[in-house]
Amino acid sequence: MAQRVATSDGAAKKTSRVRVAVRLRPFMGSEDEKDEGPCVRGLDSQNLEIVNWRNATETVKYHFDVFHGEKTTQQEVFLSSVKPILPHILTGQNASVFAYGPTGAGKTHTMMGSSDQPGVIPRAVREVFKLVKAKTDEGGWDYSIGMSYLEIYNEKVLDLLSPSSQDLPIRENKDKNIFIPGLTHTTISCFSDFDKQFVPASLNRTTASTKLNHRSSRSHAILLIKVVRTQRASPHRQQTGKLYLIDLAGSEDNRRTGNQGIRLKESGAINLSLFTLNKVVDSLNSSAAVRVPYRDSKLTRLLQDSLGGSSHSVMITNIAPEYKYYFDTFGALNFASKSKLIVNKPFTCETVAVPALPVKRARDDHAAGGSGTEPHKKKHKDERKTEHDCSSPSSPFDSLSEPSVMDRLIALEKLMMNCQDKGELDMLKDVAQSRKEIQELKEKQKEFERKAMLFSRLDGEKSNAKHEPAFKNSAAPLQRKQSAATKANKQQAVVQPLQVSQLQPLQQLAVVKKQSVCVKKVKTISDQVEPPDGKENLVETGWEFQLDTSVLEQSRKKILHVLNTGSLKELKGLQQIGDKKAKLILGWREIHGHFLKLEDVMKVEGMTAKRFSTFMKANILSTMGN
């Protein structure tokens with residue numbers, strides 16, 4: 001059973017603030033063209049200042065947890081900022097270290113380093129193995145270490161340990177922990193195993209050259225070190241701690257990097273994810289924020305545990321001293337000053353092996369005891385049914401004959417018999433008394449059952465004597481037969497008119513009603529040899545016979561001429577033709593040519609036979625009116 005366990009360091013350490021360290025890269029190359037030198041300088045181990053861009057004679061000062069100057073080594077950065085949070089992962093808690101800053105500020109150098117100067121990642125993994133070895137020597141726990149390595153490239157999660165994999169989804173389990181299904185997880189037993197896996201996977205990371213950086217990271221890289229420790233003795237607790245080591249891609253100004261094509265698209269994805277990260281920090285620091293936009297970017301979704309979550313977090317902000325990086329450096333310092341206000345709530349992720357409950361064992365043993373107890377149960381059920389069937393006279397005495405009382409007394413007897421204390425004689429006396437009570441209860445129960453049976457018989461005889469004449473009088477077979485006959489007659493009366501359903505009288509009635517209005521319509525209907533398919537067609541074909549053949553033909557030619565040569569405006573001038581129908585007619589005409597006859601209009605989309613007849617009637621009558 002997975003559960004959350006709060007930190008046991010006291011009430012003051014149930015929350016953990018994000019620690020922020022700032023590292024200043026050494027000045028590279030000659031001074032700027034304006035001979036202005038660096039724009040940032042450190043004051044002490046925690047403070048620094050940057051030139052105010054509004055007024056060059058003033059400076060803006062910042063205070064952080066740690067400030068690493070230009071001469072700070074990789075070892076000093078690791079010991080002061082990263083090493084203090086590593087022991088937490090051995091107690092089932094999470095920790096995260098991520099490097100932030102503009103492109104070309106030295107983030108990858110801080111995290112990865114080189115063969116001569118290893119960075120935070122190799123030093124942290126080596127330290128984890130040392131801590132695990134020391135804890136293993138103490139005994140009591142077994143440890144296992146695994147690793148996963150991924151990158152976020154153009155908002156796609158790619159597995160660096162398995163380069164052939166596609167975009168992986170990000171999920172959240174029932175304990176609100178972020179995980180990636182399908183991500184490769186490799187078990188490692190020593191640092192050499194880690195090095196064999198990590199170095200080839202790092203080469204799979206996407207990098208490219210820009211004007212500001214010859215080997216610029218085009219993706220965010222995240223290394224996950226998972227430590228699971230299991231208790232050897234009961235209750236076999238299992239604690240899982242995770243260490244996230246994150247190398248973020250730097251924000252870029254495309255006017256200075258000269259990005260084009262694919263590089264421009266990569267830069268847009270990087271800047272968008274970092275902008276979402278900035279929004280997340282603002283929302284966490286704002287008391288009025290209703291929603292933290294973790295889901296707006298895959299980067300912030302994976303950093304959800306590190307920022308405002310349950311992790312001990314350290315952010316190393318890398319900055320550059322050159323004036324051409326001034327606004328990037330100024331923005332990074334402002335972001336770092338906001339991030340140090342974020343508060344996380346760490347907890348221990350622990351799984352406890354819950355033993356089987358004794359109730360379940362007893363139930364299983366009882367089930368395995370064989371079928372000897374089943375007849376006994378059936379007897380009890382039958383006895384309960386008979387007691388229930390015996391009506392009201394025996395109901396006041398049911399409480400005295402409940403089997404629960406008997407079971408309690410028998411259990412008490414067994415308990416007393418098994419117990420071997422000094423007062424054994426007193427207990428035997430109690431047992432004898434309890435047996436007497438049981439015997440008395442049994443006798444009372446038998447008496448109650450006899451009385452109940454007598455009462456039930458008397459009540460049954462009285463009820464039979466009272467209800468027999470009423471039942472005979474109420475059941476009249478002649479009345480039932482008559483009611484059935486009437487029902488059958490009613491059904492026949494309903495069915496007969498439906499069977500004789502003649503259409504001709506209905507049509508004649510309709511014609512008789514319309515004789516006073518229009519006599520010609522009745523004649524045309526009666527003159528037709530074959531009846532039409534529908535009522536609408538019956539009326540539509542009637543009006544054409546009333547017109548002169550020459551006039552009708554001339555009107556049809558005019559309509560056909562407009563359909564073949566008319567513009568959009570002229571087509572919209574026809575009756576029943578709107579803007580949409582006119583455009584469809586023009587499109588059909590461009591593809592198939594002119595309409596050979598008016599009936600070809602029905603080939604246009606949406607022009608059914610019913611609409612065509614309405615269209616013809618309206619346009620012919622309008623041409624005749626003109």
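Please read these numbers as outputs of a predicted model, since none were measured by experiment.

### Remarks on the pattern of salt bridges
According to the stated counting rule, one finds 18 salt bridges in the structure shown. Here Arg218 makes a salt bridge to Glu266, at a shortest N to O gap of 2.8 Å. Taken together, the positions of Arg218 in the loop between β15 (216–217) and β16 (220–231) and Glu266 in helix α6 (residues 262–285) put the pair 48 residues apart, joining distant regions of the chain. Note that Arg291 and Asp296 form a salt bridge whose closest N and O atoms lie 3.0 Å from each other. Counted as one network, the salt bridges with shared partners bring together Glu172, Arg295 and Arg301.

### A few points about helix α19 (residues 579–592)
The end-to-end C-alpha distance of α19, which contains 14 residues, comes to 20 Å, matching closely the 20 Å that a straight helix rising 1.5 Å per residue would cover. Within the span of α19, buried status applies to Lys581, Ala582, Ile585, Leu586, Trp588 and Arg589. For α19, the angular spread of the buried residues around the axis is 165 degrees, confining them to a single face. Exposed side of α19, more than 90 degrees from the buried face: Lys580, Glu590 and Ile591 are the residues found there. Backbone geometry just after α19 places Gly593 at a positive phi near 90 degrees.

### Considerations on the side chain of His68
Of note, His68 is situated in strand β7 (residues 66–68). For His68, a relative accessible area of 4% puts it in the buried group.

### Structural notes on the environment of Gly573
With respect to the secondary-structure elements, Gly573 resides in the loop between α18 (568–572) and α19. Of the residues examined, Gly573 reaches a relative accessible area of 57% and is grouped as exposed. For the pair Gly573 and Val562, spaced 11 residues apart in sequence, the C-alpha separation works out to 9.6 Å.

### Section: the packing of aromatic side chains
This structure, assessed with the given rule, holds 10 aromatic pairs. Ring centres of Tyr149 and Phe198 lie 5.0 Å apart, and the angle between their planes is 35 degrees; on these two criteria the pair is classed as tilted. Separated by 49 residues along the polypeptide, Tyr149 in strand β9 (residues 141–153) and Phe198 in helix α4 (residues 191–203) bring together distant segments of the chain. Taken individually, Tyr149 and Phe198 each receive the classification buried, so the pair is uniform in this respect. Taken together, Trp53, Tyr323, Tyr326, Phe327 and Phe330 form an aromatic cluster joined through their ring pairs. A cation sits over an aromatic face here: Arg229 above Trp141, 3.9 Å from the ring centre. Over the face of the ring belonging to Phe64 we find Lys340, whose NZ or CZ atom lies 5.5 Å from the ring centre.

### Here we look at the sheet that holds strand β5 (residues 47–51)
Sheet architecture is open: three strands sit in the order β4-β5-β6, paired in antiparallel fashion. Among the strands making up the open sheet, the edge pair consists of β4 (40–42) and β6 (59–63). Within the sheet, the average angular offset between the axes of one strand and its neighbour, ignoring direction, is 25 degrees. Of the strand pairs in this sheet, β5 and β6 are connected by five bridges, and their pairing is antiparallel. Its bridge partner being in β6, Ile50 is matched across the sheet by Val60.

### Quick notes on the pairing of strand β8 (residues 94–100)
Burial analysis of β8 places seven of its seven residues in the buried class, which makes it a mostly covered element. Where burial is concerned, the two faces of β8 agree: the one with Asn94, Ser96, Phe98 and Tyr100 and the one with Ala95, Val97 and Ala99 are both buried. In the sheet, β8 pairs with strand β18 (residues 311–319) via seven bridges, with the strands oriented parallel. Residue pairing for β18: Phe98 is matched across the bridge by Met315. Here β8 runs beside strand β17 (residues 238–247); their pairing, made up of five bridges, is parallel. Of the residues in β17, the one forming a bridge with Ser96 is Tyr244.

### Re the packing of helix α1 (residues 74–82) against helix α3 (residues 120–138)
Running from amino to carboxyl end, α1 crosses α3 at an angle of 55 degrees, the nearest separation of the two axes being 10 Å. The orientation of α1 with respect to α3, classified from their angle, is oblique. When you trace α1 past α3, the crossing you get is right-handed. On α3, the residues touching Gln74, Gln75, Phe78 and Val82 of α1 are Val120, Arg123, Ala124 and Glu127. Looking at side-chain class alone, the contact of α1 with α3 contains four nonpolar, two polar and two charged residues.

### Focus on unusual backbone geometry
Note the cis peptide between Ser234 and Pro235, where omega equals 15 degrees. Positive phi outside glycine occurs at Glu155, with the angle close to 60 degrees. A positive phi is found at Gln576, a non-glycine position, where the angle reads about 70 degrees. Examined against the element boundaries, Gln576 turns out to sit in the loop between α18 and α19. By relative accessible area, which is 52% here, Gln576 ends up exposed.

### Observations regarding a nonpolar patch on the surface
Taken together, Val551, Leu621 and Met624 make up a surface patch of nonpolar side chains, about 220 Å² in accessible area. Note that Met624 resides in helix α20 (residues 609–625).

### Some words on the confidence of the model for the protein chain
Low-pLDDT stretches of the model should not have their predicted coordinates read in fine detail. When pLDDT is averaged along the protein chain, the result is 77, and 73% of the positions lie at 70 or above. Per-residue pLDDT stays below 50 along residues 356–380; that stretch engages in three contacts with residues further than four places along the chain or on separate chains. The low-confidence segment residues 385–401, where pLDDT is below 50, has 14 contacts with residues more than four positions distant or belonging to other chains.

### A word on the pairing of strand β10 (residues 156–159)
Only one face of β10 is covered, namely the one carrying Val157 and Asp159; the face carrying Lys156 and Leu158 has none of its residues buried. In this sheet, β10 lies alongside β9 in antiparallel orientation, the contact comprising four bridges. Opposite Leu150, over in β10, you have Asp159 as the bridge partner. Once β9 ends, the chain turns through two residues before running back antiparallel as β10, passing Asn154 with a positive phi of about 55 degrees.

### Points about a negative patch on the surface
Residues Glu437, Glu440, Glu443 and Glu447 make up a contiguous surface patch of negative charge. What makes Glu443 partly exposed here is its relative accessible area of 46%.

What counts as what
All chains use their own residue numbering, which begins from 1 and follows the written sequence. Only residues with pLDDT of 70 or above have their local features reported here, since the model is predicted, and side-chain atom pairs are shown and tallied only from 80 upward, although totals for entire chains, interfaces and linings are computed over all residues. Only heavy atoms go into the side-chain values, all of them from the structure, while hydrogens and water stay out. What makes a salt bridge here is a side-chain nitrogen of Lys or Arg within 4 Å of a carboxyl oxygen of Asp or Glu, nothing more. Strands here are runs of E lasting at least two residues and helices are runs of H or I lasting at least four, both read from the DSSP assignment and numbered beginning at the N terminus. One less than the residue count of a helix, multiplied by 1.5 Å, gives the span that helix is expected to have. Relative accessibility thresholds used throughout: buried, under 20% of the residue-type maximum; exposed, over 50%; partly exposed, between the two (1.4 Å probe, protein chains only). In this description, one arc is meant: the one made by directions from the helix axis to the C-beta atoms. Pairing of aromatic side chains here covers Phe, Tyr and the six-membered ring of Trp, requires ring centres within 6.5 Å, and sorts the geometry by plane angle: under 30 degrees stacked, over 60 edge-to-face, intermediate tilted. To sit over a ring, a charge needs its Lys NZ or Arg CZ within 6 Å of the ring centre and within 35 degrees of the ring normal. When DSSP finds at least two bridges between two strands, those strands are taken to pair. All axes are obtained by fitting lines to C-alpha atoms, using only the stretch in contact for helices, and the reported angles, taken between N-to-C directions, cover 0 to 180 degrees. Roughly parallel means an angle under 35 degrees; roughly antiparallel, over 145; roughly perpendicular, 65 to 115; everything else is oblique. Handedness of a crossing follows from how the near helix is turned relative to the far one, being left-handed for an anticlockwise turn of less than a right angle and right-handed for a clockwise one. Contact criterion: two residues are considered in contact whenever any of their non-hydrogen atoms come within 4.5 Å of each other. Ten residue types, Ala, Val, Leu, Ile, Met, Phe, Trp, Tyr, Cys and Pro, are classed as nonpolar, four, Asp, Glu, Lys and Arg, as charged, and the remainder, Gly among them, as polar. Put simply, a patch holds well-exposed residues, over 30% relative accessible area, that have no salt bridge, with like charges counted together within 9 Å and Val, Leu, Ile, Met, Phe, Trp or Tyr side chains within 5 Å. Accessible surface area values rest on a Shrake-Rupley calculation with a 1.4 Å probe, where residue burial reflects the displayed protein chains alone. As a per-residue measure, pLDDT tells how confident the predictor is, with possible values from 0 to 100. Lys and Arg are tallied as positive, Asp and Glu as negative. Neither His nor the chain termini are counted. The location of each charge is read from NZ of Lys, CZ of Arg, CG of Asp or CD of Glu.

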